[in-house]
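# Coordinates in review
Below, each chain spelled out in residue letters.
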Amino acid sequence: DNERSHKVVDDLQRAVNAVSEQARTARGYIIARDERLPLIYDAAVKDFAANMAQLRGDITGRPELLSLIDKVEMAGANWRNEVGDPMIRLTRDNPTSEKAAEVSKSARSTELFTAVKSQVQDALNQAGAWSAASQRDQDRLMNDAHLALIVGGLTSLLLAILVGWWLTRGIAKPVTEMTGV
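Residues numbered from 1 in each chain as written. Predicted model: local features only at pLDDT ≥ 70, side-chain atom pairs only at ≥ 80, totals over all residues. Heavy atoms only, no water.

## Some remarks on the packing of helix H3 (residues 63-92) against helix H4 (residues 97-105)
Direction vectors running N to C along H3 and H4 enclose 160 degrees, while the axes themselves pass 7 Å from each other. Taken together, the axes of H3 and H4 are roughly antiparallel relative to one another. Handedness of the crossing formed by H3 with H4: left-handed. In contact with Glu82, Val83, Met87, Leu90 and Thr91 of H3, H4 contributes Ser97, Lys99, Ala100, Val103 and Ser104. (Axes fitted to C-alpha atoms, helices over the stretch in contact; angles between N-to-C directions. Helix = DSSP H or I, 4+ residues; strand = E, 2+ residues; numbered from the N terminus. Parallel < 35°, antiparallel > 145°, perpendicular 65-115°, else oblique. Left-handed = near helix turned anticlockwise from the far one by under 90°. Contact = heavy atoms within 4.5 Å.)

Okay, here's the thing in structure tokens:
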């Protein structure tokens, strides 16, 4: 569980990086009009979708995280549909490229991107709590295993002493009495 919780945190970080890459490439396309940037944008969109799918697999059995992942996915889709995709589409057509810059600079763009980061942070907080709980469980189990080793060692030592005493009483004493030594 501890390893899985760390993987969820990594997947969430990759998801927010994919949305950030979408934002960077869309803004870069407005400025540079480099036709390679929409391809990078599309790859970042696919990365985000792949990260969301991976997250869903990693959180199996964790319904409290599933609802947060749904919110992250929805926030990412909202940003992409209302800001990212329109910026790319409007920039492709020179007469509307000014509108693309307006979309990029709009308060709605900032609001939607902040919503993505906020939803990711909520999911990270929950995953962090899961990770901490898993770590506590793992530490407790390790302490129990250590205690079991100590108890096992002491039990073996006590058993060895008892067997030695029994051998002394049961075999050595009668042999000594028979031989008269």
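## Details of the nonpolar core
By size, the foremost hydrophobic cluster in this structure holds 38 residues, and its most contacted members are Val8, Leu12, Phe48, Met52, Ile69 and Trp79. Only helix H1 (2-32), helix H2 (37-58), H3, H4 and helix H5 (107-179) provide two or more residues apiece to this core. Not counting the four nearest positions on each side in its chain, methionine 52 is found in contact with Ala15, Ile69, Val72 and Glu73. (Core = buried A, V, L, I, M, F, W, Y, C linked by side-chain atoms within 4.5 Å. Buried < 20%, exposed > 50% of the residue type's maximum accessible area, 1.4 Å probe, protein only.)

## A few points about a nonpolar patch on the surface
Residues Leu159, Val163, Trp165, Trp166, Leu167, Ile171, Val175 and Met178 make up a contiguous nonpolar surface patch of roughly 860 Å² in combined accessible area. Mapped onto the secondary structure, valine 163 falls in helix H5. (Patch = residues over 30% accessible without salt bridge, like charges linked within 9 Å, V, L, I, M, F, W, Y side chains within 5 Å. Areas by Shrake-Rupley, 256 points an atom, 1.4 Å probe, with all protein chains shown as cover. Salt bridge = Lys/Arg side-chain N within 4 Å of Asp/Glu carboxyl O.)

## Some details on the side chain of threonine 91
Note on placement: threonine 91 falls in helix H3. Filtering out sequence-adjacent residues up to four positions away, threonine 91 remains in contact with Tyr29, Ile30, Arg33, Ser97 and Ala100.

## Concerning the packing of H2 against H3
The contact between H2 and H3 brings their axes to 11 Å, and the two run at 170 degrees. In terms of axis orientation, H2 runs roughly antiparallel to H3. Between H2 and H3, the contacting residues are Pro38, Tyr41, Val45, Phe48, Met52, Leu55 and Arg56 on the first element and Leu66, Ile69, Asp70, Val72, Glu73, Gly76, Trp79, Arg80, Gly84, Asp85, Ile88 and Arg92 on the second. For the contact of H2 with H3, the per-class residue count stands at 11 nonpolar, 2 polar and 6 charged. (Nonpolar A, V, L, I, M, F, W, Y, C, P; charged D, E, K, R; others polar.)

## Topic: the environment of leucine 149
Secondary-structure assignment places leucine 149 in helix H5. Among the residues examined, leucine 149 registers a relative accessible area of 66% and is labelled exposed. Leucine 149 sits 17 residues away from tryptophan 166 along the chain, and the two C-alpha atoms are 25 Å apart.

## Comments concerning the pattern of salt bridges
Scanning the model with the defined rule gives 11 salt bridges in all. In this structure, glutamate 73 engages arginine 56 in a salt bridge whose closest nitrogen and oxygen atoms are separated by 2.5 Å. Taken as a pair, glutamate 73 in helix H3 and arginine 56 in helix H2 lie far apart in primary sequence, 17 residues in all. Bridged by salt links that share partners, the residues Lys7, Asp11, Arg14 and Asp58 form one connected network.

As far as function goes, none of this settles anything; it's purely spatial.
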